[in-house]
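Notes for the structure review
In case you want the letters, here they are:
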Amino acid sequence: MSTQDLVPSPVGPVDVEQAEAALVERYPRLVRIAYLVLPPALGRNRRVLTAHALVQRSLPRRRVPGPAVPGPRRDEDAVDPGYAYVRGEVLRQALIAGLPLRRLALPRRAQFPPLLPHVWGLRLFPRVGGADELALDQRLSRLSGPGRAAYVLRGLERQGDPEVLRVLAVAGVEDPAAALAEADALDATEDPASPGALPLGDDAARVGEQGGPGRAGGPDDAGFLGGAGWPHGTDGAGGRPGRGGGPTGPGAVAGRAERVGEQSGPGRAGGTGAGPTGVPGGASGAGRGTAPGGPGPAAAEAHPTPSPARPGRLSGAALLESDEFDPCALQARPTDLVRRRQHTRAAFVAVVALVVCGALLGLPGDGWGRNGAAAPSYARNPAAEAALDPGAVKRVGADVWPGATRQDFSVWPARGGLTGDTALLRRALAVWARPGGAVRSSATPGTPVGPPMGPPQLLFAGRVDAMRVVLFHDGLRAVRYAEPVEGTAGAALDFARTDAADTVGAAALVVSRASGNVRYLTAPWVRDTAVRDLLAPARAPRPLVRDADGVTDPVPSPAQTAGACAKWNALQVRDGSGLRLLADLGEPAPARLLWGPPAAPVDATGTEARDAWARTACLLAAVRGHGVRSVNAWRFARQPLPEGAGHGTWVCTRAETWRGTGNRVLAQFLVPSPEVPAALAARSEGSPACGVRDPRVLAGVLWQAPGGGWYVLAAGSPDFTSLETSGGVKSRSEGPLLAVKAKPGARADLTGTLRDGTRRTALR
């Protein structure tokens, strides 16, 4: 329950102004109460700050109503209602602050360290008392929170047992009687016969025998602490008989009359004693257990001191007024300076690291940063900085390429609607140099992916589909950067090696891939473009429209088609010297398709070439994403088939790479039926066979004739003079062809002899 959850005041209605006046006037006493009720295990510094915080949070937020039906008037009702309410709030919060935190229970505000007041660099604690104060603090620490509250109400507030029980119940204590019993047990531990203790009867060294605030005994009181100026044993209003000695007057208190509960609290007006020498305005009215009209308890002093004539110690209740328990009279000491220095250094390092990490974040939440999706900069080299300067990017004019001695990427003009977007170029260059973890990056085999060695050449910058695309060329590589038009996720970076590209090799670049389609950016010398399906050689090519920047319409790409090979689209371009056929193999630069002997291949645009490629095009999937520059298909042999089945064709397909290594060679066998795709007879990677350096190839297959017979068929290029099989099938033939009957599943080793006598094995 917070101060907003107000319950009716048991002592009458309370206004906010009335409660504030009581809090300000009695602030030191309220803070002392909170300090004493809080558990000593919190430590003196936190107890001091928490006590002040609890008192400052005890004001109601609106008027507190009184009880619906007023009860009978009691002596305690003379207490100021504002003070009674604030004291109850302080007790309630102090009891909550002493509760342990539970794992499943919702923590209360009072259980946390206070936010205000707060002190940095200092530890505050009350003044140090003597041995008696230390002993009392240790005894209080063994009590529960309600027990300490009962002891404080009785000893410091001078409340009677009924009032203590009522205040504890209002403060939320479940068992006020048990708390009062704890306080009684602590009272019982104060042994008056212990060494150095003052007899309670003679010197009245109990809180119950002391004068109220602002009253003190006269100097003639040596030997006792009773009423002001009255002799020992007097039964007037100011004095009472001692428990352990001295005569007793009529109306003496019996049993537990010496308990604190017989004293009047702050703000109470005492009644006039019934003894013969009563003093008006005495400290107390009729105490508990006193006969009507009898003498009241003795008046008490606010700060008792033992008589100099009889040295001893004060009772525990009297010690509650000691400076040891005054959280308003404080001493200050520094915290652990060495540890604070270490913590300061650690905090400084953490703040610097946090600032650095925040500065290195290139992407704000709602847009691209200065460097886009680039990773943090790792070097401040002048040459590297110049290479990443969008103002230093090379731009070739549109009138350069017609008069150039060579036509390649170096004479491509800068095209696109975003060539003047400096921010886009800056992001593209930064991501190129330092691609972040969120960038989807790809590179063909053997292509370096580092930053440019100098300012690259800008080929294209524009919006294609839903992406902003930038194409660069640095003499070695073609680099494609793409980012979405909306949002900041999905930046892509692709590298492709394009060194030593000629006119045909620089005829087109892939500018976009989306939804299974591909768009090309064609060279300025390309006159027209078309799409040809390699699997339909007799079908005429379909014209392909380009925009003013040379970007084609989308074309279904075989590199992004999964499943059966039903169509293989190729880009057909026409330049100043003829038709070219280019195939998309999933890389930024399409591969050139050729036909003919390795020494003199031509573009695969003729009828024979198209017929052969129609049956071998699906095998291009074996070289997809391999950094292929060109693919040449060569018919190296034509063989009559056994049982009059017609003529078979042997084709060697060689894929050359931009890097010069990792070339792949495929040997294929084609049966007479044009609808049957080629059968893969052998494959090899890194072999010089079927190329310019070694235009020779030897391969064989196990073939089943239409009549059901099985044969080993083998063929070599024209340079072979004889072929021989061994192993499961043994045979020899003169010339580059061999056909021998075999069993199903037979395996044989194939070798051949060249004109110069060199023996060669089959492609593998």
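Below is a summary of the structure that appears in this document. This is a predicted model, so every value here is computed, not measured.

Moving on, we come to the sheet that holds strand 3 (residues 440–443). Note on sheets: strands pair through backbone hydrogen bonds, and any given pair is parallel or antiparallel. The sheet built from 5 strands is open, its strands ordered 3-7-6-5-4 with mixed pairing. The sheet is open, and its two edges are formed by strand 3 and strand 4 (457–464), each paired on a single side. Averaged over all adjacent pairs, the angle separating strand axes in this sheet is 10 degrees, with direction ignored. As judged from the 7 bridges shared by strand 5 (residues 467–473) and strand 6 (residues 477–484), these two strands associate in the antiparallel manner. Bridge pairing in strand 6 places F472 opposite V479. Sheet contacts for helix 13 (residues 422–433): strand 4, strand 5, strand 6 and strand 7 (492–497); angle to strand 5, the most-contacted strand, approximately 65 degrees.

Taken in spatial order, the 4 strands line up as 24-23-26-27 in an open sheet, and their pairing is antiparallel. Of all strands in the sheet, those with a lone pairing partner are strand 24 (731–734) and strand 27 (759–761), marking the two edges. Within this sheet the neighbouring strands show an average axis-to-axis angle of 20 degrees, counted without direction. Examined bridge by bridge, strand 26 (residues 748–754) and strand 27 share 3 bridges and lie antiparallel to one another. Counted as the bridge partner of G752 is R760 from strand 27.

On inspection of all chains with the given rule, the structure shows 2 disulfides. Bridging C565 to C618, the disulfide has an S-S length of 2.0 Å. Residues C565 and C618 share a disulfide whose torsion about the S-S bond is about -85 degrees; that sign makes it left-handed. Here the residue C565 occupies a position in the loop between strand 12 (555–556) and strand 13 (569–575), and C618 occupies one in the loop between helix 14 (607–616) and strand 17 (628–640), the gap between them amounting to 53 residues. Its relative accessible area of 35% is what places C565 among the partly exposed residues. Here C652 is linked by a disulfide to C690, with a sulfur-sulfur distance of 2.0 Å. Of this pair, C652 sits in strand 18 (residues 647–657) while C690 sits in the loop between strand 20 (679–685) and strand 21 (698–704); the two residues are 38 residues apart in sequence, bridging distant segments of the chain. Note on accessibility: C652 and C690 belong to one class, buried.

Another point: the pairing of strand 23 (residues 720–727). Judged from the 7 bridges that link them, strand 23 and strand 26 form a sheet pairing that is antiparallel. Each residue of the ladder has a partner; that of F720, found in strand 26, is L754. Relative to strand 24, strand 23 is paired through 4 bridges, and the arrangement is antiparallel. By the bridge assignment, E724 is partnered in strand 24 with R732. Between strand 23 and strand 24, which pair antiparallel and follow one another directly, the connecting turn spans 3 residues.

This next bit is on the pattern of salt bridges. Counting across every chain of the model gives 35 salt bridges. Close ionic contact of D326 with R32 constitutes a salt bridge, the shortest N to O distance being 3.8 Å. Taken together, the residues D326 in the loop between helix 10 (316–319) and strand 2 (330–334) and R32 in helix 2 (residues 27–37) connect sequence positions 294 residues apart. R32 matches D326 in its accessibility class, with the two residues each being buried. In this structure, a network of salt bridges that share partners links the residues R29, R87, E157, R158 and E321.

So, on to the nonpolar core. Counting residues in hydrophobic clusters, the biggest one holds 49 residues, and the most contacted among them are V37, V55, L91, L140 and L168. Counting only elements with at least two residues in this core, the list comes to helix 1 (16–25), helix 2, helix 3 (44–56), helix 4 (81–97), helix 5 (131–141), helix 6 (145–155), helix 7 (161–170) and helix 8 (176–188). Looking at this core element by element, the count peaks at 9 residues for helix 4. Contacts of L168, omitting those with residues within four sequence positions, involve P146, A149, A150, L153, V173, P176 and A179. Within the second largest apolar cluster, 34 residues are counted, among which are V464, A507, V511 and V531.

The geometry of helix 2 relative to helix 6 is characterised by a closest axis approach of 8 Å and an angle of 145 degrees between their N-to-C directions. Relative to helix 6, helix 2 is oriented so that their crossing is right-handed. Contact residues: helix 2 offers I33, L36 and V37, while helix 6 offers G145, R148, A149 and V152. Taken together, the residues of the contact of helix 2 with helix 6 break down into 5 nonpolar, 1 polar and 1 charged.

It is worth spelling out unusual backbone geometry at this point. Residue R158 is not a glycine yet carries a positive backbone phi of 60 degrees. Within the fold, R158 resides in the loop between helix 6 and helix 7.

Here the focus is the packing of helix 2 against helix 3. Look at helix 2 against helix 3: their axes get within 8 Å of each other, and the N-to-C directions meet at 130 degrees. By the angle between their directions, the pair helix 2 and helix 3 is classed as oblique. The two elements helix 2 and helix 3 cross, and the hand of that crossing is right-handed. Here Y27, L30, V31, A34, Y35 and L36 of helix 2 come into contact with helix 3, specifically with R44, R47, V48, A51, H52, V55 and Q56. A breakdown of the residues in the contact of helix 2 with helix 3 according to their chemical character gives 9 nonpolar, 2 polar and 2 charged.

For the rest of this paragraph, the subject is the packing of aromatic side chains. What the rule picks out here adds up to 7 aromatic pairs. Each ring, one from F636 and one from W650, has its centre 6.3 Å from the other, and the planes form 45 degrees; the classification is tilted. Residue F636 is found in strand 17, and its partner W650 is found in strand 18; the two are separated by 14 residues along the sequence. Through a chain of ring-to-ring contacts, three or more aromatic side chains come together here, namely W634, F636, W650 and F669. One residue, R26, lies across the ring of Y83, its end atom 5.1 Å from the ring centre. R47 extends its terminal NZ or CZ atom over the ring of Y35, reaching a point 4.0 Å from the ring centre.

Rules of the game
Residues numbered from 1 in each chain as written. Predicted model: local features only at pLDDT ≥ 70, side-chain atom pairs only at ≥ 80, totals over all residues. Heavy atoms only, no water. Pairing = 2+ DSSP bridges. Helix = DSSP H or I, 4+ residues; strand = E, 2+ residues; numbered from the N terminus. Axes fitted to C-alpha atoms, helices over the stretch in contact; angles between N-to-C directions. Contact = heavy atoms within 4.5 Å. Disulfide = S-S within 2.5 Å. Buried < 20%, exposed > 50% of the residue type's maximum accessible area, 1.4 Å probe, protein only. Salt bridge = Lys/Arg side-chain N within 4 Å of Asp/Glu carboxyl O. Core = buried A, V, L, I, M, F, W, Y, C linked by side-chain atoms within 4.5 Å. Left-handed = near helix turned anticlockwise from the far one by under 90°. Nonpolar A, V, L, I, M, F, W, Y, C, P; charged D, E, K, R; others polar. Parallel < 35°, antiparallel > 145°, perpendicular 65-115°, else oblique. Phe/Tyr/Trp six-rings, centres within 6.5 Å; stacked < 30°, edge-to-face > 60°. Lys NZ or Arg CZ within 6 Å of the ring centre and 35° of its normal.

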